[in-house]
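Examining the three-dimensional arrangement
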Protein chains: 6
Amino acid sequence: MPGNDLTIDFKRPSDREPNGLRKVQVERSYTPYAEGSVLIKMGNTHVLCNASVLDKVPPFLKGQGKGWVTAEYGMLPRSTHTRSDREAARGKQSGRTQEIQRLIGRSLRAIIDLEKLGERTIHLDCDVIQADGGTRCASITGAWIALADAVSHLLKTGQITENPLKDRVAAISVGMYKGYPVLDLDYEEDSNCDADMNVVMTGSGQFVEVQGTAEGHPFSRQELDSLLMLAEKGIAGLLRVQQDAWPV
Amino acid sequence: MPGNDLTIDFKRPSDREPNGLRKVQVERSYTPYAEGSVLIKMGNTHVLCNASVLDKVPPFLKGQGKGWVTAEYGMLPRSTHTRSDREAARGKQSGRTQEIQRLIGRSLRAIIDLEKLGERTIHLDCDVIQADGGTRCASITGAWIALADAVSHLLKTGQITENPLKDRVAAISVGMYKGYPVLDLDYEEDSNCDADMNVVMTGSGQFVEVQGTAEGHPFSRQELDSLLMLAEKGIAGLLRVQQDAWPV
Amino acid sequence: MPGNDLTIDFKRPSDREPNGLRKVQVERSYTPYAEGSVLIKMGNTHVLCNASVLDKVPPFLKGQGKGWVTAEYGMLPRSTHTRSDREAARGKQSGRTQEIQRLIGRSLRAIIDLEKLGERTIHLDCDVIQADGGTRCASITGAWIALADAVSHLLKTGQITENPLKDRVAAISVGMYKGYPVLDLDYEEDSNCDADMNVVMTGSGQFVEVQGTAEGHPFSRQELDSLLMLAEKGIAGLLRVQQDAWPV
Amino acid sequence: MPGNDLTIDFKRPSDREPNGLRKVQVERSYTPYAEGSVLIKMGNTHVLCNASVLDKVPPFLKGQGKGWVTAEYGMLPRSTHTRSDREAARGKQSGRTQEIQRLIGRSLRAIIDLEKLGERTIHLDCDVIQADGGTRCASITGAWIALADAVSHLLKTGQITENPLKDRVAAISVGMYKGYPVLDLDYEEDSNCDADMNVVMTGSGQFVEVQGTAEGHPFSRQELDSLLMLAEKGIAGLLRVQQDAWPV
Amino acid sequence: MPGNDLTIDFKRPSDREPNGLRKVQVERSYTPYAEGSVLIKMGNTHVLCNASVLDKVPPFLKGQGKGWVTAEYGMLPRSTHTRSDREAARGKQSGRTQEIQRLIGRSLRAIIDLEKLGERTIHLDCDVIQADGGTRCASITGAWIALADAVSHLLKTGQITENPLKDRVAAISVGMYKGYPVLDLDYEEDSNCDADMNVVMTGSGQFVEVQGTAEGHPFSRQELDSLLMLAEKGIAGLLRVQQDAWPV
Amino acid sequence: MPGNDLTIDFKRPSDREPNGLRKVQVERSYTPYAEGSVLIKMGNTHVLCNASVLDKVPPFLKGQGKGWVTAEYGMLPRSTHTRSDREAARGKQSGRTQEIQRLIGRSLRAIIDLEKLGERTIHLDCDVIQADGGTRCASITGAWIALADAVSHLLKTGQITENPLKDRVAAISVGMYKGYPVLDLDYEEDSNCDADMNVVMTGSGQFVEVQGTAEGHPFSRQELDSLLMLAEKGIAGLLRVQQDAWPV
C-alpha cells in the first residue's frame, strides 16, 4: 500500500469503505415457471438466476444413477454501458462467457452430492439484466439460492428423499485499486484496478475457486494475502444474506 | 361461432371477457444504461425492451444521411414452462426468432422518418423475461416506448432537432378459440386455438402488419373480419397505455 | 385510391389489368426422381417444387402413427437481377428464407390429414430458378401439386389407402401500387409498392394465411378489404390452373 | 481387360458403346438475368451454369488491374435418387462440394487471360437440377459456354476491348467398369466402377486436370493409358458441341 | 522441354537432380499414446501421422462387421513461411484441408481389407509441423507406416487374427518446373511450377490416385507421360524407405 | 495433511518427491520459419510454442502506436491417451481451449511493454504434441522463451530499438493429491487430485495469475498457503531453466 500517508486520501468511486459490500438484495420466485428463480442485485449489478430440473443427464453420466449440475451465462446486449453484440446473433459464445459458465458450474458442483440428486440435471441459467462489475460472483451467489429452491422442490414433491446440498457457496471479487485492497469491485474500479481476484468459498469457510489476475502489474504474496482476507470477510456477509433469504 | 347457444357457456381459461386485454404495466428507465429501457408486462408475459443509440448505420445506408431502426429478440431459456435451449449456446437463432425480430423492426420503421434520424441506428433489444403468449406483440408495444425515450434523449441532447417519430405503433394478438374470437391470447389459448392473428396498428388507426395463421383449420372471411375488429379495439387500449406511460 | 380521376391514367409496368394474373404454366414430372416434381412458372418467376417421401418423422412425432409435411426454400444465386450470396457458402439461411419455408410448410399442413399420411414425411423443396416477384406464393401453389403427386404415388403403391389431402391450397400476392390495389405483383411493383399482402387460401375459399405488410406507409381497413377481395379472385384463378394440371 | 472372350458379353447398363457419349444438349440464355446462362444436359444429368459479372475482385487481387474467375457448385436436394440434405440448412458445404467448385474454377482460369479481363470477377454458379453421374464434368463444359457468353457481353458493351479467352475447355469422366474402359459414366456405372477419372482438356488438346481415383482396386499404367485415350476422344466430341452452341 | 540446349543450364533451387528425392526420415513411436505414431520428414516438410484405433464405425457401416479407415489433416498455424489462421479458431476447415484429408483416407482404404479389420475404425491424424511443399504426399507415405503399426498392435493384442493390409501405399509430387519435369517439389518449386501432379501408388506398382493440375498453362500428353515415369521412380524410393522403417 | 504418520507411506505415481519438478527440456529454433520456435518438454508433456511477428494490431488498438501479444492453444487430436475430436473439424474451440489461450495471452502481456513493441502483434501458437498434464503451464513457460526470441529478432533487425520485455514469466501446477501438496502434477495425479492450482509468476517473484480449483472437495486457507509455497519453489526452478536456455 502506497506510503504511510493517512488513508483519508483514498476514496472509492462509490464512497464505499475498502471492505464495504454493495447493497445485496435477493428476490426469490422471481419468475413463475422455474423450479428456482432468483433475482440477485449487488448494487447496480442485477442477475436473474433460474434453476431448471431436467429429467436427463449428459451422455457421459447415463446409467450411473448420478445427477449433474451445470450452468449457462449470458448478458443482455444492453446490460452494459455500451451495447454488446448478441451472442445468439453472432453465432457463438465468447471465450469470456464460456469461462464464466464453467466457473459457475464447478462452484455449484463442489457443494452438492450428485449421487443423492439421482439421474437428473439441475440447469442454472444466469442472465445479467444489468451489469456494474462482479457479474460472475453475483451469478454464483444467486445461483446457489436458486439451486437450493430447486432442491426444495424435489424434496417437497418426493422426487428425492435426502438433501443433496452439502453446504452453501458464495463468491466475491476483490482487487488492488490505486494501491489499496478493496472488496466487491464495481465496473469503474474493475476497469482501472491493477489486480483482481474472484474468490468462491463455502459456508464452512473453505475455498472452492481462487482466480487472481494481474491486469496492470503483478502482485506480491503480501497483497495476495490481504486480498484473500478481504474476500473471506465479504463472503461471510454474503452467506448471511443467503441465510436470510433461505433459512435452513 | 358455434350454434345459437347462450355465450354463457364460453369461458376463457383466464376468465377474461372475449374482448378483454390482460393487465398491461409499463416501467420506463428500467435499466440505467440504455437510452430507452422499458419493461412491459401483459399479464404473465414480461419483456424488457432496451433502445440503444449507435453512431453507425448498416453498410447499405452508409453516406446517405439516413438512419436505421432495427430489432433483435430473444427469450431467456427458462422464460417458458419448460426450459428451451439457449440460442447462443446452440450457435444460431431459430427461424421463429428471426421472423419475430424482423417483424419488430419493420413495425417500428413504419412510424419513423429515417431521414430526420440522421446517420445513426436505434437498436431495439427485446428480451423475454417470462412468456405467457403474445411476446412479439408485447415487444412491439414496449419497443415503441423505448424508441420514443431514445428519440427524446437525442432531442434533449441536441443530436437531432426535429422529432422523427411520425406516429405511435402497438400490436395485439387475436384468435379463434373454441369457435369464438378472443383478444390477447395467453399461452394456453395460443396453444389450443384454431387460428390466430397478430395485428400491428398505428395511433391513427392504420394497419402496419396483419399476420393471420390457421393453426387448426382455415378461417372464413367473416371470422377474419371479426378478428380484425377485436384487434382494432385491443390496440386502442394499448395506445392509451402508451399515452399514459409516455404522454406527448 | 388517389382522387376521382379516370383510372385510364394508371398503368402497371407490365400493362396487366389491376386484377390480372401473370401467365401461369405448370410442368409435372419435371425431374425423374422425386415422387412429385413440378416446375411452376408465373410469368418470369420459375420455381421447381420437388416432393420427397421419407420414411421417417421428426423426433417430436416418433411413435405416434402420424406423418409430417415440411418445406425448404432456396433461391439460386443468380435467379435475381444481381447475384446474391449462396446461402450454403455463407453457412446459414437468411431470416427471409426461414420465414418463407415455414410459411410453405404451414400452408400445406393446413390441408392434409397427418394421421392418414402414416408415420412418414413428405418433404417439399422449393427452389427458385428465376425470380420476378411472388416466389413464395408460386412455391405454395406449385408445392401443392407436387404434394398431390407424391400422395398419388403413395396411394398407387399401396403405402397408404386413404387420401390424406383434405383440400387444395394456393397463394397469391396483392399490394397497393401507386395508390391502386393490384394482383400478383412482379418484382418492379413489389419493390415500389406501399403495402403488400400474401394470401393463402384453400379450394373451399377459406383463409390459411394472411400476411400484410406496410412497406411504405400504413394501410387503411378499406384498402385491406379491397386487397383481400382481389386476392380471393386471383386465388380462384390459380385453383383452376391446379385443377387443369391435376384434375381430381 | 478380362480374358480373351468376345467383347459381345460386355454391355453397359445404358446400352451405349464403351466409347459412346450420352446425348449432349445445350440451351443458352436459359434465365434472363445472368450475363451467361446455360442449361447443359448430358443424358439425365442437367446442370444450370450461370455466369455473373461482378465489379469487384477478391482482396488478394485488389489494385492489380487483374480480374478473377471463380465458381460455386450445388446440387438441389432432390436432384438425386434419394433426397440429400440441403447444404444451406446444414450450415456448411461438404468436402465434395468444395472440391468440385475448386476444380471448376481452376479449369476455367486455365484458359482465360485475367489481365485482359480487367479488375472484375466472373462468378460461375453451377447448380445441378438433376444428377445421373458426371455432374462436375457437365459443369465445366457448360460453364465454359456461360463464361464465353459473359465475355461476349463485356465485349459488346465495351467494358473490355480484347477477348480474354485463350481457348475452350471441356471435361469428361472415364472409368474401368467390369474390367472395360468406358466413356462418360452414368450414375449406375459410377457407383460400381473400379476406377474412374475426370479429365479436363483444352480445345488445343492439352490437359488442364487429370483426376484418377481407384475406388475398388488400383489400376495399371496400361489401364490409365486406355482411359486417357478414351477421354481425349470424348472431349473432342464435347468441343464440337461447344462449337455448335457457340461458334466463334 | 525447352530447346536442345545442354541441360547443364537447368538448376533446381535445391540443387537436387530432376529425379532426386529429398532426404526422407521416419521416426516410429514418436508419441507414446497412439497405436501408430510416425514423424515423417521429407527435407523441411515434417508431418506427424498418428493412427488411433477406435471401437466404433461411422453410422453407414454399423452392424455390417466391416471396419473403416479415415483421415484428418491439419497444418500448425506457423508451419509455413507466414502464419496462417488456425482453422479451429476460424470455425471451419478450408476446402484444401478437406480435399487433402479425403485423399489420404481414400489412398489408405485402397490397400486394406475392411472386412478383416472388423467393426472398428483406424483414424489417421496427419498434422504438419513444418511445411516445405508436398505435405499431402508425405502424409500418405507416413500414414501408411502409422497404419501398419496400428494393425500390428491389433494383431499382437489378438483383436484381429488376419492381417488386413493388402499392400503398401506411398505418394509423391511431380511437376513441370521451368519446362523440365522434376520429382518431389519443394515449396519454392511448387509455387512457381506450370503443372504439378500428385501420384499415389501401391507396392505392386498400381495407381491409386493421379491428380494432375495445370497451374500456369496446360500440359501435353507427352509431359504427362514423363511426369508419370518420374513419379513411378520416386515412389519406388519411398517404398524402400517404408520397407526399411517397417520391414515385413 | 492426513494424520501424523510417517510420510514414507506417501508415494507419487511417478516416484517424484512432493516438491519435484519433472525433467524440463527446451529446444529453441525448433521449426525454421517462426521468429521464435520452442519445443518445451516437461516429462511426457511436449508443447511446441511458435511466436510469429505480424505487422498489424487488433482493431481496438489501431493507430495508437502500441502493440499486442496474444496466444492460441490447441491439442493434436491424439496428444492424449484416447483420441479427442479435432476442434477444426467440429467447427469450434472448446471452452477449455479458449480459457487456456486467454490465460497464456494475459500472462505474457503482464511482462511486456506494449508501447515499446510498436504497432505490431506477436502471436503465440502453443500446440500440444503430447499431453501428460500441465499443458497450460508448459505453454506459458515455453511461450515466454519463444516471445523472447521473437523480440531478439525484432531488435537484431532494427525494427525496434528498446527491449520491451520487462521480466520473465513461468507457470507451474500444484495440487492436493491424496491429502498432500505436490508440485507439477502429471495426468494421473491431475485426474485424481482434490484441488489443483495453476500459478503464474514473474522473474521477480510476483504473481501474475493464481487459479485454484477444488475438484473433489474445497480446500482450506492453510492448504492454499502450502500450495502457493510449493508453486513459488517450482517456478524458481523453471526460471533457471529459462535462464539456461535464454541467458540475457
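Residues numbered from 1 in each chain as written. Chains lettered and ligands numbered in written order. Predicted model: local features only at pLDDT ≥ 70, side-chain atom pairs only at ≥ 80, totals over all residues. Heavy atoms only, no water.

**Topic: the relation of the copies chain C and chain B**
Relative to chain B, chain C is turned by 180° and slid 0.0 Å along the rotation axis, the superposed coordinates differing by an RMSD of 0.0 Å. What we have between these two chains is a two-fold relation. Considering only C-alpha atoms, the residue of chain C closest to the rotation axis is glutamine 211 of chain C, which sits at 2.2 Å. (Least-squares fit on C-alpha atoms with pLDDT ≥ 70 in both.)

**Describing the packing of helix H4 (residues 135–156) of chain D against helix H6 (residues 221–245) of chain D**
All names here are of chain D. Remark: H4 packs on H6, axes separated minimally by 11 Å, with the N-to-C direction vectors making an angle of 25°. Of the possible angle classes, the one that applies to H4 and H6 is roughly parallel. Regarding H4 and H6, the two cross each other, and that crossing is right-handed. On H6, the residues touching Thr141, Trp144 and Ile145 of H4 are Leu238, Gln242 and Ala245. Broken down by class, the residue content of the contact of H4 with H6 amounts to four nonpolar, two polar and no charged. (Axes fitted to C-alpha atoms, helices over the stretch in contact; angles between N-to-C directions. Helix = DSSP H or I, 4+ residues; strand = E, 2+ residues; numbered from the N terminus. Parallel < 35°, antiparallel > 145°, perpendicular 65-115°, else oblique. Left-handed = near helix turned anticlockwise from the far one by under 90°. Contact = heavy atoms within 4.5 Å. Nonpolar A, V, L, I, M, F, W, Y, C, P; charged D, E, K, R; others polar.)

**Details of the pairing of strand S8 (residues 195–202) of chain A**
Residue and element names in this part refer to chain A. The buried fraction of S8 is high, at eight of eight residues. Here S8 shows two buried faces, one formed by Ala195, Met197, Val199 and Met201 and the other by Asp196, Asn198, Val200 and Thr202. In this structure, strand S6 (residues 169–177) lies alongside S8, joined through eight bridges in antiparallel fashion. Note that in S8 the partner of alanine 171 across the bridge is valine 200. Pairing of S8 with strand S9 (residues 207–214), which is carried by seven bridges, proceeds in the antiparallel orientation. Across the sheet, the residue bridging to methionine 201 is phenylalanine 207, located in S9. Counting the residues in the hairpin turn of S8 and S9 gives four residues, including glycine 205, whose phi is positive at 80°. (Buried < 20%, exposed > 50% of the residue type's maximum accessible area, 1.4 Å probe, protein only. Pairing = 2+ DSSP bridges.)

**Side note on the sheet that holds strand S7 (residues 180–183) of chain D**
The strand order across the open sheet formed by eight strands is S7(D)-S6(D)-S8(D)-S9(D)-S9(E)-S8(E)-S6(E)-S7(E), and the pairing between neighbours is antiparallel. Edge positions in the sheet fall to S7 of chain D together with strand S7 (180–183) of chain E, since each has one partner strand and no second. This sheet shows a mean twist of 15° between the axes of neighbouring strands, independent of strand direction. Each of strand S6 (169–177), strand S8 (195–202) and strand S9 (207–214) of chain D touches H4 of chain D; the most contacted strand, S6 of chain D, lies at about 165° to it. The strands touched by helix H4 (residues 135–156) of chain E within the sheet are strand S6 (169–177), strand S8 (195–202) and strand S9 (207–214) of chain E, with S6 of chain E carrying the most contacts at an inclination of about 165°.

**Re the pattern of salt bridges**
The final tally for this structure, using the stated rule, is 129 salt bridges over all chains. Two residues, aspartate 186 of chain C and arginine 16 of chain C, come together in a salt bridge whose shortest N-O distance is 3.8 Å. You can see aspartate 186 of chain C sitting in the loop between strand S7 (180–183) and helix H5 (187–192) and its partner arginine 16 of chain C sitting in the segment before strand S1 (24–28), a full 170 residues away along the chain. Judged on exposure class, the residue aspartate 186 of chain C and its partner arginine 16 of chain C are both buried. Put simply, Arg12, Arg16, Arg22, Asp132, Asp184, Asp186 and Glu189 of chain A are held in one network by salt bridges that share partners. (Salt bridge = Lys/Arg side-chain N within 4 Å of Asp/Glu carboxyl O.)

**A closer look at the relation of the copies chain B and chain A**
Two copies of one chain are present, and they are related through a rotation about an axis combined with an axial shift. Once chain B is rotated about the relating axis by 180° and shifted along it by 0.0 Å, it coincides with chain A to within an RMSD of 0.0 Å. Comparing contact sets, 100% of the residues at the interface of chain B also lie at the interface in chain A, consistent with an isologous, same-surface contact.

**Some words on the interface of chain C and chain B**
Counting residues at the interface gives 28 residues for chain C and 28 residues for chain B. Buried surface at the junction of chain C and chain B, both sides included, amounts to about 2,600 Å², of which 47% is carbon and sulfur. One can count six salt bridges joining chain C with chain B. Note that arginine 221 of chain B is salt-bridged to aspartate 225 of chain C, the shortest N-O span being 2.8 Å. Of all the elements in the fold, those that place two or more residues in the side of chain C that touches chain B are helix H2 (95–109), strand S9 (207–214) and helix H6 (221–245) of chain C. It is S9 of chain C that provides the largest number of residues to the side of chain C that touches chain B, a total of eight residues. Taken together, the residues of the side of chain C that touches chain B sort by class into ten nonpolar, ten polar and eight charged. (Buried area = accessible area lost by both parts, 1.4 Å probe.)

**Concerning the sheet that holds strand S3 (residues 45–54) of chain C**
Residue and element names in this part refer to chain C. Strand order in the open sheet formed by five strands is S1-S2-S3-S5-S4, with mixed pairing between adjacent strands. Every other strand in the sheet has two partners, leaving S1 and strand S4 (68–75) as the edge strands with one partner each. The mean angle between the axes of side-by-side strands here comes to 20°, regardless of whether they run parallel or antiparallel. The sheet contact formed by S1 and strand S2 (residues 36–42) spans five bridges and is antiparallel. When the bridges of S2 are listed, glutamine 25 appears paired with lysine 41. Strand contacts of helix H4 (residues 135–156): S1, S2, S3, S4 and strand S5 (121–130), with the helix running at about 35° to S3, the strand carrying the most contacts. The strands touched by H6 are S1 and S2; relative to S1, the strand with the most contacts, the crossing angle is about 30°.

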